[in-house]
Amino acid sequence: MFGFGVPELLIVLAIVVVVFGAGRLPELGGALGKTIRNFRKASEGRDEIEIKAKEA
């Protein structure tokens, strides 16, 4: 996986926690999951892409 091992991934995760805070990690994970899902749908040729308005 791009030459990343466990120590490198832990360092990246620690930097993400410091920058965004632990409270926003679930929100970021959900957004990342939706992005990957939409990318897969688009690469398969499907026209439906999930778009949702941002809740305040």
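My aim in this report is to walk through the structure given alongside it, one point at a time. Each chain has its residues counted from 1, following the order in which its sequence is written. Residues qualify for local features only when their pLDDT is at least 70, as the model is predicted, and side-chain atom pairs are given and counted only at 80 or more; totals for whole chains, interfaces and linings, by contrast, use all residues. Side-chain metrics in this entry use all non-hydrogen atoms of the structure; hydrogen atoms and water are not considered.

1. With respect to the overall build of the protein chain
Put simply, DSSP H or I for four residues or longer makes a helix, DSSP E for two residues or longer makes a strand, and each gets a number counted from the N terminus. Secondary structure summary: the protein chain contains two helices and zero strands in total. Buried positions account for 2% of the 56 residues belonging to the protein chain. Surface exposure of the protein chain reaches about 5,200 Å², of which carbon and sulfur atoms provide 66%. For the exposure calls, accessible area comes from a 1.4 Å probe over protein chains only, and a residue counts as buried if that area is under 20% of its type's maximum, exposed if over 50%, partly exposed in between. Note on areas: Shrake-Rupley, 1.4 Å probe, and residue coverage restricted to the protein chains presented here.

2. So, the pattern of salt bridges
The salt bridge definition used is simple: a Lys or Arg side-chain nitrogen within 4 Å of an Asp or Glu carboxyl oxygen. Counted by the stated rule, this structure contains one salt bridge. A salt bridge links R24 to E27; the shortest N-O distance between them is 3.5 Å. When its relative accessible area of 48% is taken as the criterion, E27 is described as partly exposed.

3. Quick look at the environment of N38
Structurally, the position occupied by N38 is in helix α2 (residues 25–44). Taking the relative accessible area as the measure of exposure, N38 reaches 15% and is therefore buried.

4. Remarks on a nonpolar patch on the surface
A surface patch of nonpolar side chains, about 350 Å² in accessible area, is lined by V6, L10, L13 and V17. Checked against the element boundaries, V6 lands in helix α1 (residues 6–20). Since its relative accessible area comes to 58%, V6 is described here as exposed. Here, patches come from residues exposed beyond 30% relative accessible area and free of salt bridges, joined within 9 Å for like charges and within 5 Å for nonpolar side chains (Val, Leu, Ile, Met, Phe, Trp, Tyr).

5. Considerations on α1
One fewer than the residue count of a helix, multiplied by 1.5 Å, yields its expected span. With 15 residues, α1 ought to run about 21 Å at 1.5 Å a step, and its terminal C-alpha atoms sit 21 Å apart, in line with that. Downstream of α1 by one or two residues, G21 has phi in the positive range, about 90 degrees.

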